[in-house]
Amino acid sequence: MKRFFTIAAALCAAAIAFGQTSSEDWIIRAENFCKSRYYGITSANGVIGLISSKEPFRMHEVVLAGVYDHFGRGRVNNFLPNISPLDLDILIDKTKLRSSNVTNYTQTLDMRTGEFVGELEYKGSKISYRYCALRHLSHAVLMEVEITPANDLTLDASISHRVPSSLHGAEMTVNDWSFKLKKEPPFTVITTTALSPSESVKMASSSFFLFEDADATTPVYHRTHNNDQHNIYFTKVLRAGKSFKFQVIGSLISSAHTADPLNQAERIVTYARFQKKGELLRKHREAWAKLWESDIVIEGDLQAQKEVRSMLYHLYSFTRAGVAHSPSPMGLSGLGYNGHVFWDTEIFMMPPLMLLQPEMARSMLEYRYNRLDEARRNAASYGFAGAMYPWESASTGAEDTPASSLSGTFQHHISADIAIGCWNYYLATQDREWLISRGWPIIKATAEFWASRCEKGKDGKWHIYNVMCADEFALNVDDNAYTNCAAKRNLEYAVAAAAIVGEKAPALWSEIAEGLFFAKMANGVTSEHVGYDGADIKQADVNLLAFPHKLITDKEQMMRDLDYYSKKVPQVRTPAMTQSMFSVICSRCGDREQAWRWFLDSYRPNALPPFGVLAEFKGGTNPYFATGAGGTLQSVLFGFAGLDFNPKGGIMQVK
């Protein structure tokens, strides 16, 4: 489905025509960057994330979606540091190239293709390298190197497999593959397998050098350094002025993805080896071009265009259709938040994708559907009916919040957030078959949870007692505005979904939804919870009733709540999606100046050098915060562009 939105920059009122964008709109460039303040940018394909390093030919980190084990904090499942299939060492005349001994070193990311490019010089010789996680091959990566010598020189290049401390039991092999009836010379494949800390997951990575036809017989050798590192390498004399090219192709896969990761890792690189020349990059670029058929174009403001497109690029990079993975707040940009999945997915990252890439949103919800039974067991363990989803979810769908944190025990709005995500996906796509088979089971089970979780008080109202708010500074309170709102929407959507799929909804669902209690303060502001005393808040809570949930629709009330709570939010430690929700509310209330101010405040102070990757909060150092990117994209799409989910189905545009 092609969806292309054109936005007027700086809230211009002029009519906008569709137009072709320049190449500069797509390039994020780092020149003369400070190596002591370097925050890498990610090339990813929704399964593998390659985080750039200040050092040439290296990755700072390699992340593989769907792989967790107990490692590090809190005795819970975490993302694991992984083997890099692309770690390359380049030596010229026996000197290893480093950021400290090269000149004119620039790095760029081309968002059109997700390709990272480094260009540098060493004693007059020009060297460039390009790498990417191949979009059309979910477990394959590629690096291309070109050297143009200023003088005759000796090149040594080696692919190193290093097993990180998070893995053990490494098995290291090398094979010279040749095949009957094939005319091509053998190619040398380095392969490494290792086990996760509990030995529940087996990792496998393979890599090889691919040479131009004239260099196809270049000998490749193997060397073992220790029990956790080995490499393959070649040596070649290069002549002045004559360019030399080669590629490194690698794979990374685990037993969480396939029953036989060792053989599959080698099959993947063998498949890549026998593609026609240029075919890997061609198909990779075609896959990205297909994604970019759904885009946001901002005319008249190159900076805003690049920043917004970078956010969209990262969401596209961190997700993939058809894989049943759901991104953590940091996506595939590193090990932040242990790779766990929170409400961030359904409430902040997913809505822009529902407009632009609904199949990606479907993969996120498939992740939740596959863990519905575990959510049922979680509810039962607390004495509730239905399904209670975990605050932090990893591989199994069991609660993976450390026991020392109350959020895993009391932050229950997550179950409603997931149901709301399901309903919005149905509205956007009108996919009734999906609703029957996937969405309805989740929406129904979570409604059953709320029916058992809510209590009727002596005042005749329904209440939800003893929760942690969306504002995580507020613990063990009653009738949190956000939780009650989310539960209300969950129950209402369950009634609507039941009618569509041909089931009868219990009357209790409507009774609770209509009767849930919301407190107000004497000044007319919606109270965050019963007994709220004006304390500072961590992030938006009450304001989310106006957007995204549209429970409060009176513009005067929306702005009254925003004016009050925006002053209660700390300027430094607030997660970035708070300001973006403020921006949408201001857009919808007609306050264009405030909408623009909150839009800029939602990301520009969080940008880190040299690529402008987004931290979670101002002064933070934990990029890339995909939740914040999703929120800011909502301020563009649901705020400035006025798009929304039509309650009758499809996408509509409001004033």
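Visitor: Teacher, can you tell me more about the overall build of the chain here?
Guide: A count of helices and strands for the chain gives 15 helices and 27 strands. Against the globule reference of 26 Å for 655 residues, the chain gives a C-alpha radius of gyration of 26 Å, in line with a compact fold. Counting only C-alpha atoms and orienting by the principal axes, one finds that the chain spans roughly 85 × 55 × 40 Å. Partitioning the intrachain contacts of the chain with sequence separation of at least 6 by distance along the chain shows that 69% fall at a separation of at least 24. Element-wise, carbon and sulfur atoms account for 49% of the exposed surface of the chain, whose accessible area totals about 24,900 Å². When the 68 basic and 70 acidic side-chain charges of the chain are each reduced to a single mean position, those positions are 4 Å apart.

Visitor: Sorry, what's going on with the environment of T627 here?
Guide: Turning to its location among the elements, T627 is positioned in helix α15 (residues 626-640). Each C-alpha atom of the pair T627 and G331 lies 8.7 Å from the other, and the pair is 296 residues apart in sequence. Reaching out from T627, the side chain makes a polar contact with the side chain of D344 at a distance of 2.7 Å.

Visitor: I keep staring at the pattern of salt bridges and nothing clicks. Help me out?
Guide: Between side chains of opposite charge, a pair can form as their charged atoms come close. Summed over the entire model, instances satisfying the criterion amount to 34 salt bridges. For R162, the salt bridge identified is with D87, shortest N-O distance 3.4 Å. Linking R162 in strand β14 (residues 153-162) with D87 in the loop between β7 (77-79) and β8 (88-92), this pair joins segments that are 75 residues apart in sequence. A salt bridge links K126 to E121, with the shortest nitrogen-to-oxygen separation between them at 3.0 Å.

Visitor: What exactly am I supposed to notice about helix α12 (residues 555-565) here?
Guide: For an α-helix the count is 3.6 residues per turn, leaving residues at separations of three or four pointing the same way. Here α12 has its buried residues at Q557, M558, M559, D561, L562, Y564 and Y565. Considering only its buried residues, α12 is in contact with α13 (577-588) and α14 (592-601).

Visitor: Explain the packing of α13 against α15 here, please?
Guide: A pair of packed helices is characterised by two quantities: the angle between their axes and the separation of those axes. Two numbers describe how α13 lies on α15: the axes approach to 8 Å, and their chain directions differ by 5°. As summarised for this structure, α13 and α15 are arranged roughly parallel, according to the angle between their axes. Counted together, M577, S580, M581, S583, V584, S587 and R588 of α13 and T627, G628, G631, T632, Q634, S635, F638, G639 and F640 of α15 form the full contact between these two elements. Here the residues of the contact of α13 with α15 sort into five nonpolar, ten polar and one charged.

Visitor: Teacher, can you tell me more about α15 here?
Guide: With 15 residues, α15 ought to run about 21 Å at 1.5 Å a step, and its terminal C-alpha atoms sit 20 Å apart, in line with that. Most of α15 is tucked away, with 14 of its 15 residues classed as buried. After α15 finishes, the residue G642 shows a positive phi value of roughly 70°.

Calculation rules
Residues numbered from 1 in each chain as written. Predicted model: local features only at pLDDT ≥ 70, side-chain atom pairs only at ≥ 80, totals over all residues. Heavy atoms only, no water. Helix = DSSP H or I, 4+ residues; strand = E, 2+ residues; numbered from the N terminus. Rg over C-alpha atoms; globule rule 2.2 N^0.38 Å. Contact = heavy atoms within 4.5 Å. Areas by Shrake-Rupley, 256 points an atom, 1.4 Å probe, with all protein chains shown as cover. Lys, Arg positive; Asp, Glu negative; His and termini not counted. Charge placed at Lys NZ, Arg CZ, Asp CG, Glu CD. Polar contact = N/O pair within 3.5 Å; in protein donor to acceptor, adjacent residues only side chain to side chain. Salt bridge = Lys/Arg side-chain N within 4 Å of Asp/Glu carboxyl O. Buried < 20%, exposed > 50% of the residue type's maximum accessible area, 1.4 Å probe, protein only. Axes fitted to C-alpha atoms, helices over the stretch in contact; angles between N-to-C directions. Parallel < 35°, antiparallel > 145°, perpendicular 65-115°, else oblique. Nonpolar A, V, L, I, M, F, W, Y, C, P; charged D, E, K, R; others polar. Expected span 1.5 Å × (residues − 1).

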